[in-house]
Amino acid sequence: MSESSESLPWWKRGVIYQIYTRSFADSNGDGIGDLGGILAHLDYLNDGTPASLGVDAIWLSPIFASPAFDFGYDVSDYCAIDPIFGRLADLDELIAQAHQRGIRVILDLALNHTSHLHPWFLESRASRSSSKRDWYLWQDPRPQGGPPNRWQSVFGGRAWQWDPATRQYYYHMFLPQQPDLNWRNPQVREEIDRIMRFWLERGVDGFRLDVVNAYFKDLELRDNPFRWGLRAYDRQAHVYDADRPELLPAYTAFRRLVDRYGDRMVVGEPLMGNPQVLQQYCRPDRLHLAFDFDLISCRWNPRAFQRTILACEQAFGPEGWPCYALGNHDVSRLVSRYPGPHAPERAKVAAALLLTLHGTPSLYQGEEIGMRDSPVPRRRILDPAGKRYWPLYRGRDPVRTPLPWNDGVGAGFSNGRPWLPINPDFRSVNVARESEDPGSVLSFYRRLIWLRRGSRALNSGSFQTLLRNPDSGLAYLRQSQEEIMLVALNFRGHPAQIVLDEDPSTHEWEWRLGTHPGSHGPLVGRRLNLQPYEVCIFQATR
Ligand code: GLC
Ligand code: CA
């Protein structure tokens, strides 16, 4: 049994909402979302009543000064807000207003690499004898010529870029415009600490750490072993360019620094990673949380979801704390991953799953209204990955399009020309319309999140599956010292009878929330009849 939620920190109990800043709301008509836009919509996120979404924290995708080759994940000044998003004073205001509503603010720090235009790199690349040469990963060619090893970049091509002026290669895990920092250099580490302190002192509640498991690379630069995969990057098992042992002491150092500021937190974004590895990164003296992305790759099959959940439960144990996500700015949206006429129904089943698991849920902007991937035409593709791999892979722009607030001009997102096109279905899939419809995906998210907020079993309790062999759906218990909830989900488009492994009749169950209000009396016996794509959550009353 888990601790009572009173004693649980906010980052365990709460829901994280990812704001993709460029696409949330534009306050000045330049077509790009900004801090003013977020400020104007804080009540949507949490105004203290169930009419709002009710999230506990917002994570803002990078807002630092950046030439935007990778849309903010290439930073040229970690202590300055990019002018397209606003000024430092706007962030101060946002933090103050968010805190008034009980919303924490998490910044996105990409510290594995900088922009190639960061003054550190400009200085580093100026000459071999530069005082910052060793701040990045420079290497001579092999004796026979060519790059030092076969490491590949995530975005395609070799991870080594030749610098003709100084006749060495530098390493870039992503774009050549994103050179990797040398985490073994103590001066780099000092700068990183300084950056974190700068923001913590300004009142931010924590950080999302970009590609947190790639900071260190093998000193001997050994080649990765082969494995099967589609892209060249995937045809290597990343044993030497990620998940290196030096990470653990670095995480401990983060934790010490952040914990000095009270109840702040860091959530790591691993590139790849399985729960066994992740749970080693999340300990009381390491990272607070690390995203588990495995649910994202599950087929629409309850067995696949259960296998993934149980693997995570097993790795983390009852005291450990996973952090689940069903989407983010890098992957296809849920409704597009599981397409078809019943996509909105599936979105509700998925929402119920995400918000009733044991762990912290992270919700990506737009998923709460069931947005789908937008068919961004080729000439408007901006994501470097999309440009490179078109038409095999259309990149990440389709999942980064503006949040439709209403069916007016610019979908209420902007008075100007939006930086990415508005989704074609914005007249039906938008915040205003779904707010008025009690049967919408948005209304369902709101009810779920508010139920979760008030339920210790759901926000802090233990997890126990009630089905050894799921067939049509999932059923599980969430249990805290004072409360028991039973969650049942039908993944199928036809009515299903779920037969629980255990007879739950030792308790009396009252229906609390679901997709088909009125379709259930109290739960009796082991058999549970569910409507197509039905979600129901029962509470034990005795
Ligand atoms: C992370 C980000 C992604 C970015 C990459 C490089 O995976 O989520 O958007 O392109 O890191 O910083
Ligand atoms: Ca703007």
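The structure under discussion appears in the preceding block.
Note that the structure is a prediction, hence the values are computed from the model and not measured.

Rules behind the numbers
Residues numbered from 1 in each chain as written. Chains lettered and ligands numbered in written order. Predicted model: local features only at pLDDT ≥ 70, side-chain atom pairs only at ≥ 80, totals over all residues. Heavy atoms only, no water. Helix = DSSP H or I, 4+ residues; strand = E, 2+ residues; numbered from the N terminus. Rg over C-alpha atoms; globule rule 2.2 N^0.38 Å. Areas by Shrake-Rupley, 256 points an atom, 1.4 Å probe, with all protein chains shown as cover. Lys, Arg positive; Asp, Glu negative; His and termini not counted. Charge placed at Lys NZ, Arg CZ, Asp CG, Glu CD. Phe/Tyr/Trp six-rings, centres within 6.5 Å; stacked < 30°, edge-to-face > 60°. Buried < 20%, exposed > 50% of the residue type's maximum accessible area, 1.4 Å probe, protein only. Pairing = 2+ DSSP bridges. Right-handed = clockwise from strand over helix to strand, strands pointing away. Axes fitted to C-alpha atoms, helices over the stretch in contact; angles between N-to-C directions. Near = heavy atom within 4 Å. Polar contact = N/O pair within 3.5 Å; in protein donor to acceptor, adjacent residues only side chain to side chain. Nonpolar A, V, L, I, M, F, W, Y, C, P; charged D, E, K, R; others polar. Contact = heavy atoms within 4.5 Å. Parallel < 35°, antiparallel > 145°, perpendicular 65-115°, else oblique. Left-handed = near helix turned anticlockwise from the far one by under 90°. Donors = N, O, S within 2.8 Å, 3.2 Å for Na, K, Ca; no water. Salt bridge = Lys/Arg side-chain N within 4 Å of Asp/Glu carboxyl O.

Asks: Which residues make up the overall build of the protein chain, and what values do they have?
Replies: Looking only at helices and strands, the protein chain has 15 helices and 20 strands in total. Here the protein chain has a C-alpha radius of gyration of 24 Å; the compact-globule value for 542 residues is 24 Å, and the two agree. With respect to the principal axes defined by its C-alpha atoms, the protein chain has extents near 75 × 50 × 45 Å. Accessible area for the protein chain stands at about 20900 Å²; split by element, carbon and sulfur atoms hold 50% of it. Put simply, the protein chain has 63 plus and 63 minus side-chain charges, and the middle of one group is 5 Å from the middle of the other.

Asks: Break down the packing of aromatic side chains for me, citing the residues and quoting the values.
Replies: Here a ring pair, both rings aromatic, is described through the centre-centre distance and the interplanar angle of the planes. This model, assessed by the stated rule, comprises 33 aromatic pairs. Here Trp 300 and Phe 491 contribute two aromatic rings whose centre-to-centre distance is 4.7 Å and whose plane-to-plane angle is 40°, an arrangement assigned as tilted. Taken together, the positions of Trp 300 in the loop between β11 (289-292) and α9 (302-316) and Phe 491 in the loop between β16 (484-490) and β17 (496-499) put the pair 191 residues apart, joining distant regions of the chain. Accessibility expressed as a relative area gives 11% for Trp 300, which makes it buried.

Asks: Hey, could you go over the environment of Lys 387 for me, with residue numbers and the actual values?
Replies: Along the chain, Lys 387 turns up in helix α12 (residues 384-389). Measuring from C-alpha to C-alpha, the distance between Lys 387 and Val 211 comes to 22 Å, with 176 residues separating the pair along the chain.

Asks: Explain the pairing of strand β9 (residues 206-209) to me, using residue names and the numbers behind them.
Replies: Every regular strand shows the same layout, with side chains that alternate between the two sheet faces. Burial along β9 is two-sided: the face carrying Gly 206 and Arg 208 and the face carrying Phe 207 and Leu 209 are both buried. Pairing geometry for strand β5 (residues 104-109) and β9, over four bridges, is parallel. Considered in β9, the bridge of Ile 106 is made with Gly 206. Inspection of the sheet shows β9 paired to strand β10 (residues 265-268) by four bridges, in the parallel sense. Bridged to Leu 209 within β10 is Gly 268. Between the parallel pair β9 and β10, the chain is carried across by helix α7 (residues 247-259), and the sense of this crossover is right-handed.

Asks: A description of the sheet that holds strand β18 (residues 509-514) should follow, citing residues and the corresponding values.
Replies: Here five strands make up an open sheet; going across it, the order is β14-β15-β16-β20-β18 and the pairing antiparallel. Each edge of the open sheet carries a strand with a single partner, namely β14 (462-465) and β18. Between one strand and the next, the sheet's axes are offset by a mean angle of 25°, whatever the strand orientation.

Asks: Go over the site of ligand 1 with me, naming the residues and quoting the values.
Replies: Around ligand 1 sit 13 residues, and of these Asp 70, Asp 210, Glu 269, His 329 and Asp 330 come closest. Between an oxygen atom of ligand 1 and a side-chain N or O atom of His 329, the distance comes to 2.9 Å. Here ligand 1 loses 97% of its free accessible area of 310 Å² to cover by the protein chains. In terms of residue class, the shell around ligand 1 is made up of three nonpolar, three polar and seven charged.

Asks: I'd like to hear about the sheet that holds β11, residue by residue, with values.
Replies: Spatially, the eight strands close up into a barrel ordered β1-β2-β5-β9-β10-β11-β12-β13, and their pairing is parallel. In this sheet, neighbouring strand axes are inclined to one another by 25° on average, regardless of whether the strands run parallel or antiparallel. Most of the contacts of helix α4 (residues 88-100) go to β5, to which it runs at about 140°, and overall it touches β2 (57-60) and β5.

Asks: Requested: an account of the side chain of Gln 168, with residues and values cited.
Replies: Summarising the element assignment, Gln 168 is placed in strand β8 (residues 168-171). Among all residues touching Gln 168, those that are not within four sequence positions of it are Arg 128, Arg 133, Trp 138, Gln 139, Asp 140, Gln 161, Trp 162 and Asp 163.

Asks: Tell me what's going on with the packing of helix α11 (residues 343-356) against helix α14 (residues 441-454), and back it up with residues and numbers.
Replies: One way to put it is that α11 packs onto α14 with a least axis distance of 10 Å and a crossing angle of 15°. As summarised for this structure, α11 and α14 are arranged roughly parallel, according to the angle between their axes. The handedness of the crossing between α11 and α14 comes out as right-handed. Contact residues: Pro 344, Ala 347, Lys 348, Ala 351, Ala 352 and Leu 355 in α11; Val 441, Phe 444, Tyr 445, Leu 448, Ile 449 and Arg 452 in α14. The class makeup of the residues in the contact of α11 with α14 is ten nonpolar, no polar and two charged.

Asks: So, the coordination of the calcium ion (ligand 2): which residues are in play, and what are the values?
Replies: At the metal site, the calcium ion (ligand 2) is ligated by Asp 26 (OD), Asn 28 (OD1), Asp 30 (OD), Ile 32 (O) and Asp 34 (OD), and these contacts range over 2.2 to 2.3 Å. As a motif over one chain, the donors of the calcium ion (ligand 2) read D-x1-N-x1-D-x1-I-x1-D.

Asks: I'd like a description of the pattern of salt bridges, backed by residues and values.
Replies: Scanning all chains against the criterion turns up 29 salt bridges. Salt-bridge contacts for Asp 43 lead to Arg 101; the nearest nitrogen and oxygen are separated by 2.7 Å. In this pair, Asp 43 sits in helix α3 (residues 42-45) while Arg 101 sits in the loop between α4 and β5, placing the two residues 58 residues apart along the sequence. Take Arg 101: its relative accessible area is 25%, and that puts it in the partly exposed class. Between Arg 194 and Glu 191 there is a salt bridge whose closest N-O contact spans 2.7 Å. Here Arg 194 pairs with Glu 191, and both are found in helix α6 (residues 186-201), just three residues apart, close to one helical turn. Each of Asp 70, Asp 330, Asp 383, Arg 396 and Arg 400 takes part in salt bridges that share partners, so that together they form one network.

Asks: Tell me about the side chain of Asp 205, and please be specific about residues and values.
Replies: Relative to the elements of secondary structure, Asp 205 occurs in the loop between α6 and β9. Summary of buried charges: Asp 205 has no salt-bridge partner, and the nearest side chain of opposite charge, Arg 104, is 4.2 Å away. One polar contact links Asp 205 to His 99, side chain to side chain, over a distance of 2.6 Å.

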